[in-house]
Structure formats: structure tokens, C-alpha cells
Amino acid sequence: MSRPELEKRKHAFFDLQRRVVAHKTVESWQEIPHAGVVIDLDLTEILRLTALLREEPEYASVHLTLNSVMLKFIAVCLQASPEMNAHVAYNAKTGVGELTTFKSINIATPMRMPDGRMLSPVVRGLESMTLPEVCAAMVELKRQAANTNIDFLLREAAMNDTWERIRKLRLGALLRLYPNLVGRGRL
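These figures come from a predicted structure and were not determined experimentally.

Quick notes on the rules
- Residues numbered from 1 in each chain as written.
- Predicted model: local features only at pLDDT ≥ 70, side-chain atom pairs only at ≥ 80, totals over all residues.
- Heavy atoms only, no water.
- Helix = DSSP H or I, 4+ residues; strand = E, 2+ residues; numbered from the N terminus.
- Buried < 20%, exposed > 50% of the residue type's maximum accessible area, 1.4 Å probe, protein only.
- Contact = heavy atoms within 4.5 Å.
- Areas by Shrake-Rupley, 256 points an atom, 1.4 Å probe, with all protein chains shown as cover.
- Axes fitted to C-alpha atoms, helices over the stretch in contact; angles between N-to-C directions.
- Parallel < 35°, antiparallel > 145°, perpendicular 65-115°, else oblique.
- Left-handed = near helix turned anticlockwise from the far one by under 90°.
- 1 Å grid on protein atoms, 1.4 Å probe; cavity = no way out; pocket = protein on both sides within 12 Å on 5 of 7 lines; lining within 4 Å.
- Points joined across faces, edges and corners; volume = space filled by probe spheres on them.
- Nonpolar A, V, L, I, M, F, W, Y, C, P; charged D, E, K, R; others polar.

### So, the overall build of the protein chain
Secondary structure summary: the protein chain contains seven helices and six strands in total. Going through the 187 residues of the protein chain one by one, you find that 27% of them count as buried. A separation threshold of at least 6 residues defines the contact pool for the protein chain, and within that pool the share at least 24 residues apart is 44%. Of the roughly 13900 Å² of accessible surface on the protein chain, a fraction of 60% belongs to carbon and sulfur atoms.

Below is the structure:
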């Protein structure tokens, strides 16, 4: 790569999607307690089960995928361990934290869009869905995602987040307005 090409890339501004992802990543690392777990799973049995289910007559008209089977599997596991289906709120200044568990199981699942970008729509209400219903929900999400203007969605989410922060008197959010609306790196 030539030096002028490096210079061009060095001064490029993030597009809207990278800005939103960067902001939410930094925010989560600052505000949410983190713990990491690495588990090496053997999916042989789940792959075998998926292949067997595809041969069943009741699944003949169902678009059964490994992702759908895994979503249902994760939902069943979350029902058995409700403390894992929770939101953690923690204030580092006061040291006070709160764990809120949920009965509804909603899981974001990544999808690659035709333009190569990623979108993570949410499958809602997995706790009450059968496996064929999960499969149908995934097909519907793919259809909806294909008809989604990602830039519009991201702008709306970013503006809602900014106004919500301002309403909570987190005035640092005002600092976002100038560079994003009129500054050199405006969108």
C-alpha cells in the first residue's frame, strides 16, 4: 500500500454504523460489569438432531437451520436458569447494583446484509415458541432485514439515545451534536 493511500485512510471518519457500534461498545465497557467465559462445545449431537429433524414429515415445509435449533436450545437453557436472562445495572460511583430478571426471552441474532454490513435483529418471545415457530420467525426476520434501511435505523437510534441522555441531564451528550451535525465529521 502506498503512502498516499495510508494518509487517506488515516483521516477517514467513521460512518454512522461504526460510530454507533463504537459508542455502544465503549459505553457498555464503562457502565456494565463484565465477566468472560469460554466454553468449547461439541455440537455433534445438535448437528445430528438437526439432520434427523429435517427428515421428519412435520418439518418438511420448515426452513430448519442450525441457527434456529441453537436459538431454541438457548431459550430452553435460559428458562432453566432465569438469572442468566437478566439485565445488570451497576453504578460504579456508589457501588450499588441491581439484577433484573425477565420471563420473556429475546435474543439478537447477527445477519449479514446484501451490502456486507451486519445487523442484529431480535427474535422476541422465544420462551413460548416451538421450534417450527422459531424457524418461521427467523425467515420473517430475514425478510424484514432485507427491507430495512440500516442508515435510517441507525440515525433514529443515535438521535433517540442522544435525546434520552439529555433528558437525564447527561449533558455530555450535547458534545455529540456539533461534530455529528455541523463539524468536519458530520454525517
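### Points about the packing of helix 3 (residues 44-55) against helix 4 (residues 66-80)
Following both chains from N to C, one finds helix 3 and helix 4 inclined at 115 degrees, their axes separated by 10 Å at the closest point. On the basis of their axis angle, the class for helix 3 and helix 4 is roughly perpendicular. Regarding helix 3 and helix 4, the two cross each other, and that crossing is right-handed. Residue-level contacts link I46, L47, T50 and R54 of helix 3 to L66, V69, M70 and F73 of helix 4.

### Regarding the layout of surface pockets
Computed from the structure, the second largest pocket encloses a volume of approximately 410 Å³. Of all the elements, strand 1 (residues 86-91) adds the most residues to the lining of the second largest pocket, at three residues. Of the residues assigned to the lining of the second largest pocket, the class counts are nine nonpolar, one polar and one charged.

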